[in-house]
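Take a look at the letters that make up each chain.
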Amino acid sequence: EKHFSFPVLLATDETAAVYNILYHYLFDRRRNLGIPTSFLIDAKGYIVKVYQGTVEAARVEADASHIPQTIAERHQKGLPFPGRLYGAEFRRNQFTYALVFMERGYVDQALFSCRLVLQEEPENAEAHYLLGMIYLKKKMNSEARASFERAIHLNPSQPSTWPDAWNNLGMLAAQEGRRDEAIANLKEAIRLNPGYTVALENLGSVYRQQHRWADAQAAFERALQSDPNNADANYGLAMTFAQQGDTQTAEKYFDAAIKLRPDYPEALNNLGVL
């Protein structure tokens, strides 16, 4: 006869928030975690059953003794009546979890979910790109670069995946002082998406670091053509003119940047310096 113990753990606010996200996306009808809610966990650490409200220990013990081990057993437990299931296997959308955890700032949980996606779909370009973004958050630049490079060699399902990956590869190269490589990567991002404002701004910034003023001006002006209300492109142009001593034109673009973003500290500071 098996006997189970049921420990009680007091969760931190962060743990409660993570479980709330997990619960929220378990069901088609999105709802927040109610109290009390209990999770039955199998030996691999996966949730196999959710109890809402109070629950008898004897019921949990009985369920723990009959955790399904095969796909057919899971279907039998999960469906409301006996029958034959036609269609794909039921599975959790780990990519959604990875995205949401990343958006909310729970980077370790995002990393775990993203790795689960890649276990099932090793050729998923979007998952490799997201993994690269997670590594960037964790300041693991070598791993991030490897993930972005993997993404650009796979067939994406989203048209933005390749341009975004090339842009990030460009910025990683720029941070490490490989500016020619950075320019080549950013140009590839812009070739794939000619109106890619962020990549154009980044390209302008790399040119500005090299004192290639005409190229920097052209990149920032093209960014403004794509997005006329972009404060960063206006700031980039202001700095380009300021560094050449054209204070009158620089002031015009600093003013434009601050008008678009009144709390822009760099623009406010450099306008003051100017």
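Because the structure is a prediction, the values reported are computed rather than measured.

Definitions and limits used
- Residues numbered from 1 in each chain as written.
- Predicted model: local features only at pLDDT ≥ 70, side-chain atom pairs only at ≥ 80, totals over all residues.
- Heavy atoms only, no water.
- Pairing = 2+ DSSP bridges.
- Helix = DSSP H or I, 4+ residues; strand = E, 2+ residues; numbered from the N terminus.
- Axes fitted to C-alpha atoms, helices over the stretch in contact; angles between N-to-C directions.
- Parallel < 35°, antiparallel > 145°, perpendicular 65-115°, else oblique.
- Left-handed = near helix turned anticlockwise from the far one by under 90°.
- Contact = heavy atoms within 4.5 Å.
- Expected span 1.5 Å × (residues − 1).
- Buried < 20%, exposed > 50% of the residue type's maximum accessible area, 1.4 Å probe, protein only.
- Salt bridge = Lys/Arg side-chain N within 4 Å of Asp/Glu carboxyl O.

The next thing to look at is the pairing of strand β2 (residues 47-52). Looking at chain direction, strand β1 (residues 37-41) and β2 are connected through 5 bridges and run antiparallel. Bridged to isoleucine 41 within β2 is isoleucine 47. Adjacent in sequence and paired antiparallel, β1 and β2 are bridged by 5 residues, among which glycine 45 carries a positive phi angle near 90°.

Bringing the packing of helix α4 (residues 94-104) against helix α5 (residues 107-120) into the picture now. Across the interface, α4 lies against α5 with an axial gap of 8 Å and an inter-helix angle of 160°. Taken together, the axes of α4 and α5 are roughly antiparallel relative to one another. Here α4 runs over α5; the crossing is left-handed. In contact with Gln94, Phe95, Tyr97, Ala98, Phe101 and Met102 of α4, α5 contributes Gln109, Ala110, Ser113, Cys114, Leu116 and Val117.

Turning our eyes to something else, we now look at α5. The end-to-end C-alpha distance of α5 is 20 Å, a good match for the 20 Å that 14 residues give at a rise of 1.5 Å each. When we look at burial in α5, the residues that qualify are Val107, Ala110, Leu111, Ser113, Cys114, Leu116, Val117 and Leu118. Those residues of α5 that are buried lie in contact with α4 and α6 (125-137).

Going through the model one piece at a time under the given rule, you end up with 9 salt bridges. Put simply, glutamate 176 and arginine 178 hold a salt bridge, and the shortest N to O gap is 2.3 Å. A residue is classified by how much of its surface remains accessible, and glutamate 176, at 37% relative accessible area, is partly exposed. The closest approach of N and O atoms between glutamate 181 and arginine 178, which form a salt bridge, is 2.7 Å. On the accessibility criterion, glutamate 181 (34% relative accessible area) is partly exposed. On the accessibility criterion, arginine 178 (30% relative accessible area) is partly exposed. Here the residues in one salt-bridge network are Arg145, Glu176, Arg178 and Glu181, joined through shared partners.

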